[in-house]
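# Chain and residue survey
Read off the chains here:
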Amino acid sequence: MKALGRRFKDFWESPGSPFDLVLVASVFFLLLFGICVMYSSSSVTAWREFQDSEYFLKKQLAWATIGLIVFFFFANFPYKRLERFALGGIIVSVLLLILVFIPGVGKSVGTYYGRNFHRWIGIGPYQLQPSEIAKLAVVVYLSSLIVKLKLKETRDPKKFILPAVLLLAVLILILAEPAFGTTMEILFVVIAFVFLFGFPVRNLLLVGLVSLPLAYLLISQVGYRRKRMEVWLDPYRFRYDEGHQLVTSFRAFLDGGWFGNKLASGYAHRYLTYSHTDFVLATYVEDFGFIGFLFFFALVMILLSRVYVLLKRVEDPFGFYLGAGLLFILGTQFVINSYVVTGLFPITGISLPFMSYGGSSLLVVLAAFGILVNITRKENIGV
């Protein structure tokens, strides 16, 4: 038994050649699996809105094809060269985020409570979401920045002015869209990099406590955010309007039971808003039950833990920080979406990697894993 355990440990902690096969296989399987789940979740809505049950499937397949090209490109592109484009990348991201507010270029979506969301840029029949690209740009920029600052061993405040301005611009523009969830996601990544830089945990906690009044103002003084908090605290009180999503998600988990139901036949498939985007996990559990949920959770844990094990042995500082940032932002995205759908976190627009419908999100996820596959190549891993 001990010999078997050692053999498994050696296999688990050793990268493949030239790419880690466990990591690549996990990405491909989750991509295929996610497209199938998205199809089941979207078929009823697609038929109701477009009289074509495969409408969203066709578009997602097109994005997945482009995404695979992006994946293979970044898996083979020397990742160290990304350091050269770090500053330019985040500047381009700021410009793209500004474009969403320009009439005729940006695409806005109105809500029934009068709020307009400016999150997309129209490209023919498709839409690009700059905030997704900004997440990747922020991780590359912070990785480059932390390596430069550590090499120079400086704590000169002037060195932080430009980075602070650029990061603040990204956060403010995304917050103005509004995309509060994505803003929080990027903010968590910034905090993670501050921790990696060596900032004391006690001081980080102190900064967090000092920031609580600002967070309270951002929520309490903005109508739709305040309403979302009220809905989160008591969704059944608002079950016929704003709380409908969360209540229907709860029902989907209940109806799914242990083993699920006939595909695309449940209540949530017919009546859950965003059943194929932010709340795709609810319809998935309605189809496959709690056993299906555990299966998906196991797949995600295998993927993320594999990346973690390999990154610990990466010798290049930029590669390590870049990989750690990507791992953190992807892990955060999985956690926040799962928490939102299960009611552990207030509703916010965070997609579920691989499963949620959306081209921009899928492209960025595949680009991120392409970079991770590149960083964890056998030649980059120490003994």
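Residues numbered from 1 in each chain as written. Predicted model: local features only at pLDDT ≥ 70, side-chain atom pairs only at ≥ 80, totals over all residues. Heavy atoms only, no water.

The protein chain goes by Probable peptidoglycan glycosyltransferase FtsW in an unreviewed UniProt entry, where it is assigned to Leptospira saintgironsiae. The UniProt entry for the protein chain carries the following comment under Subcellular location (unreviewed entry): "Membrane". On record in UniProt, under Sequence similarities (unreviewed entry), the comment for the protein chain is "Belongs to the SEDS family. FtsW subfamily." (UniProt positions renumbered as here; feature names shortened; annotations may be inferred.)

### Focus: the nonpolar core
Counting residues in each nonpolar core, the largest one holds 92 residues, and the members touching the most others are L82, V170, F296, L322, F354 and F369. If one sorts the elements of this core by residue count, helix α12 (residues 280–311) sits on top with 13 residues. In contact with F369, other than residues within four places in its own chain, are L23, V27, F71, L303, V307, L330 and F354. (Core = buried A, V, L, I, M, F, W, Y, C linked by side-chain atoms within 4.5 Å. Buried < 20%, exposed > 50% of the residue type's maximum accessible area, 1.4 Å probe, protein only. Helix = DSSP H or I, 4+ residues; strand = E, 2+ residues; numbered from the N terminus. Contact = heavy atoms within 4.5 Å.)

### Considering helix α6 (residues 161–176)
In this model α6 runs 22 Å from its N-terminal to its C-terminal C-alpha over 16 residues, within 8% of the 22 Å that 1.5 Å per residue would give. Turning to α6, its buried residues number three or more, namely P163, L166, L167, V170, L171, L173 and I174. Across the axial projection of α6, the buried residues extend over an arc of 165 degrees, all falling on one side. Relative to its buried face, α6 has exposed residues pointing more than 90 degrees away, namely I161 and I172. (Expected span 1.5 Å × (residues − 1). Arc of directions from axis to C-beta.)

### Here's the deal with the packing of aromatic side chains
Inspection of the entire model under this criterion finds 24 aromatic pairs. With a centroid separation of 5.2 Å and 25 degrees between ring planes, the pair formed by F73 and F77 is classed as stacked. Owing to a relative accessible area of 17%, F77 belongs among the buried residues under this scheme. Here a set of aromatic residues connected by ring pairs shows up, and it is made of F29, F33, Y284, F288, F295, F296 and F334. When the ring centre of Y240 is taken as reference, the NZ or CZ atom of R239 above it lies at 5.7 Å. (Phe/Tyr/Trp six-rings, centres within 6.5 Å; stacked < 30°, edge-to-face > 60°. Lys NZ or Arg CZ within 6 Å of the ring centre and 35° of its normal.)

### Re the side chain of T277
Relative to the helices and strands, T277 is located in the loop between α11 (267–271) and α12. Classification of T277 by relative accessible area gives buried; the value is 14%.

### Some details on the packing of helix α2 (residues 21–50) against α12
The contact between α2 and α12 brings their axes to 11 Å, and the two run at 165 degrees. The angle between α2 and α12 places the two elements in the roughly antiparallel class. Between α2 and α12 lies a crossing of left-handed hand. Here α2 contributes V22, L23, S26, V27, F29, L30, F33, V37, M38, S40 and S41 to the contact with α12, which in turn contributes V280, T283, Y284, D287, F295, F296, L299, I302, L303, R306 and V307. (Axes fitted to C-alpha atoms, helices over the stretch in contact; angles between N-to-C directions. Parallel < 35°, antiparallel > 145°, perpendicular 65-115°, else oblique. Left-handed = near helix turned anticlockwise from the far one by under 90°.)

### Brief notes about the environment of N380
Of note, N380 is situated in the segment after α14 (359–375). Judged by its relative accessible area of 18%, N380 falls in the buried class.

### Observations concerning a nonpolar patch on the surface
Together, L87, I91, L95, I98, I102 and L162 line one region of the surface with nonpolar side chains, adding up to about 490 Å² of accessible area. Element by element, the count of residues in the nonpolar patch is highest for helix α4 (residues 86–99), at 4 residues. Mapping I102 onto the fold places it in the loop between α4 and β1 (106–110). Taking the relative accessible area as the measure of exposure, I102 reaches 35% and is therefore partly exposed. (Patch = residues over 30% accessible without salt bridge, like charges linked within 9 Å, V, L, I, M, F, W, Y side chains within 5 Å. Areas by Shrake-Rupley, 256 points an atom, 1.4 Å probe, with all protein chains shown as cover. Salt bridge = Lys/Arg side-chain N within 4 Å of Asp/Glu carboxyl O.)

### Remarks on the side chain of T248
Relative to the assigned elements, T248 resides in helix α10 (residues 244–256). A residue is classified by how much of its surface remains accessible, and T248, at 3% relative accessible area, is buried. Once residues within four sequence positions are removed from consideration, T248 is found in contact with Y267, A268 and L272.

### So, unusual backbone geometry
Residues other than glycine seldom take positive phi values, yet A264 does so here, at roughly 55 degrees. With respect to the secondary-structure elements, A264 resides in the loop between α10 and α11. A positive phi is found at F354, a non-glycine position, where the angle reads about 75 degrees. Residue placement: F354 occurs in the loop between α13 (317–341) and α14.

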